[in-house]
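Report on the structure
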Amino acid sequence: MKKRNANGEAEGLRLGNPGRFWTVMLLLWGLLLLTLLLNVNIGSVSIQTRDVFSMLWDGIRHGVGSSTESQILFSIRIPRMLLAAILGGALSVSGYLLQVFFRNPIAGPFVLGISSGAKMVVGITLIFLVRFMGNISPLTLILAAFFGSLLITSVVLLFAQKVHSMSMLLVIGIMVGYICGAVTDFCVTFADDHDVVNLTNWSMGTFSGASWENVKLAALLCIPGVLGALALCKPISAYALGEGYAQSMGIRVKPFRVLLIALSSLLSACVTALAGPISFVGIAVPHITRSLLKSAKPAYVIPAAFFCGAVFCVFCDLIARTVFAPTELAIGTVTSIFGAPVVIYMMVKRRQNQEV
């Protein structure tokens, strides 16, 4: 029988091989290109693939054209799909970092209540601070979401020192999420109708209304965050084998844990601020990635999880805006439909591994 690590994975599958990694990466890049092409082609106004490439080339050489198709392509569809790709990848890496931190594949921003904390602070900002600040920039929302993420993460960590059962910690995270939701609903009671509409639309989760400014901001914050996670690959590998082993390798565990939480909170805060709460991506996608790679090596999992999350969210956004068009589904609804069965499978498999 193979020895199993804290995540219930076989130790023999941890290292994987470079050939499989590059095969999976090529597959993900191909799927991402396919989903991006589908997103620019499909919609209320259908645009042929050859016309897309023609408009892209003309846009690079001469700027955005005046035709309706060109305006739709450059002002609506391309920013939206790029935002979905960047934020989907960032949320996946954020979930992976939390799973490393708690040494449990079921940990994630949504389950532990971290997304709810970000939603609570962003909701307070949208309801109350907007009266004093006027228009609120996306950067302000990201800072608010980052503060909310860190706040709830601190609460969860406080309980983690007292509770040694991961299942109990997850229950605490869910309860903290309910408390944050109750605080948000309480604030809504005293909000103006206009603010309530804005908060409701945002809290449903959507990439609609994406702009080039949002894409630029997401890229400036999320891509360095992912690169920062990649820079921690060796410490992550040592930490996965236990704090004692990590210390013996010369890693300062406490600063490393703080850095993990800060990176995870930054990535999830960007997603929550720019697209609203999105469920199950941070839990399901890292598991899918590890299954594809047959490896838990961070240098393989982090880049693959980013592109897998990008494919997952771009595909879910395509489903959300086209299946019941012109009515658009909340992105969280679609990610839950595809992500929840993966989480259920993970929990059942984990239970079976514990019984073996």
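Please read these numbers as outputs of a predicted model, since none were measured by experiment.

1. Observations concerning the overall build of the protein chain
- Secondary structure summary: the protein chain contains 14 helices and zero strands in total.
- Considering only contacts in the protein chain between residues 6 or more positions apart, those separated by 24 or more positions represent 77%.
- Surface accessibility of the protein chain: about 17,000 Å² in total, with carbon and sulfur atoms responsible for 67%.

2. A few points about helix α3 (residues 68-102)
- Helix length check: α3 (35 residues) gives 50 Å between terminal C-alpha atoms against 51 Å at 1.5 Å per residue, within 8%.
- Buried residues dominate α3, accounting for 29 of its 35 residues.
- After α3 finishes, the residue R103 shows a positive phi value of roughly 55°.

3. Focus: empty space enclosed by the protein
- For the coordinates displayed, the defined rule picks out two cavities of 30 Å³ or more.
- In this structure, the second largest cavity occupies an estimated 30 Å³ of space.
- In terms of lining, the second largest cavity is formed by L91, G108, P109, F110, S115, I278, S279, F280, V281, G282 and I283.
- The element contributing the most residues to the lining of the second largest cavity is helix α12 (residues 281-293), with three residues.
- When its residues are assigned to classes, the lining of the second largest cavity shows seven nonpolar, four polar and no charged.

4. So, the environment of V100
- Counting through the fold element by element, V100 comes out in helix α3.
- Here the alpha-carbon distance between V100 and P298, two residues 198 residues apart in the chain, equals 9.6 Å.
- If near-sequence neighbours (up to four positions away) are discounted, V100 is found in contact with I236, Y239 and L260.

5. Considerations on the environment of V253
- Residue placement: V253 occurs in helix α11 (residues 253-275).
- On the basis of relative accessibility, which here comes to 7%, the residue V253 falls in the buried class.
- For the pair V253 and Y239, spaced 14 residues apart in sequence, the C-alpha to C-alpha distance is 8.0 Å.

6. Things to note about a nonpolar patch on the surface
- The grouping of L27, L31, L34, L38 and I42 at the surface amounts to a nonpolar patch, some 390 Å² of accessible area in total.
- With respect to the helices, strands and loops of the structure, L31 is situated in helix α1 (residues 18-41).

7. Thoughts on the nonpolar core
- Counting 105 residues, the largest nonpolar core has L87 and I236 as its most contacted members.
- A per-element tally of this core places α3 first, with 18 residues.
- When near neighbours in sequence (up to four residues on either side) are disregarded, L87 contacts F207, A218, C222, C270, V271, L274 and A275.

8. Here's the deal with the confidence of the model for the protein chain
- In the predicted model, the protein chain carries a mean pLDDT of 81, and the fraction of residues at 70 or more is 86%.
- In the model, residues 1-13 has pLDDT below 50 throughout and makes 26 contacts with residues more than four positions away in sequence or in other chains.

9. Some details on the side chain of S92
- Looking at the secondary structure, you find S92 in helix α3.
- For S92, a relative accessible area of 0% puts it in the buried group.
- A distance of 2.9 Å separates the side chain of S92 from the backbone oxygen of G88, its partner in a polar contact.
- Not counting residues up to four positions away in its chain, the partners in contact with S92 are V281, G282, V285, P286, A305 and G309.

10. Re the environment of L230
- Following the sequence through the fold, L230 ends up in helix α8 (residues 212-231).
- Separated by 72 residues in the primary sequence, L230 and I302 place their C-alpha atoms 6.6 Å from one another.
- Contact partners of L230, with chain neighbours within four places excluded, come to I302 and P303.

Conventions used here
Residues numbered from 1 in each chain as written. Predicted model: local features only at pLDDT ≥ 70, side-chain atom pairs only at ≥ 80, totals over all residues. Heavy atoms only, no water. Helix = DSSP H or I, 4+ residues; strand = E, 2+ residues; numbered from the N terminus. Contact = heavy atoms within 4.5 Å. Areas by Shrake-Rupley, 256 points an atom, 1.4 Å probe, with all protein chains shown as cover. Expected span 1.5 Å × (residues − 1). Buried < 20%, exposed > 50% of the residue type's maximum accessible area, 1.4 Å probe, protein only. 1 Å grid on protein atoms, 1.4 Å probe; cavity = no way out; pocket = protein on both sides within 12 Å on 5 of 7 lines; lining within 4 Å. Points joined across faces, edges and corners; volume = space filled by probe spheres on them. Nonpolar A, V, L, I, M, F, W, Y, C, P; charged D, E, K, R; others polar. Patch = residues over 30% accessible without salt bridge, like charges linked within 9 Å, V, L, I, M, F, W, Y side chains within 5 Å. Salt bridge = Lys/Arg side-chain N within 4 Å of Asp/Glu carboxyl O. Core = buried A, V, L, I, M, F, W, Y, C linked by side-chain atoms within 4.5 Å. pLDDT = per-residue confidence, 0-100. Polar contact = N/O pair within 3.5 Å; in protein donor to acceptor, adjacent residues only side chain to side chain.

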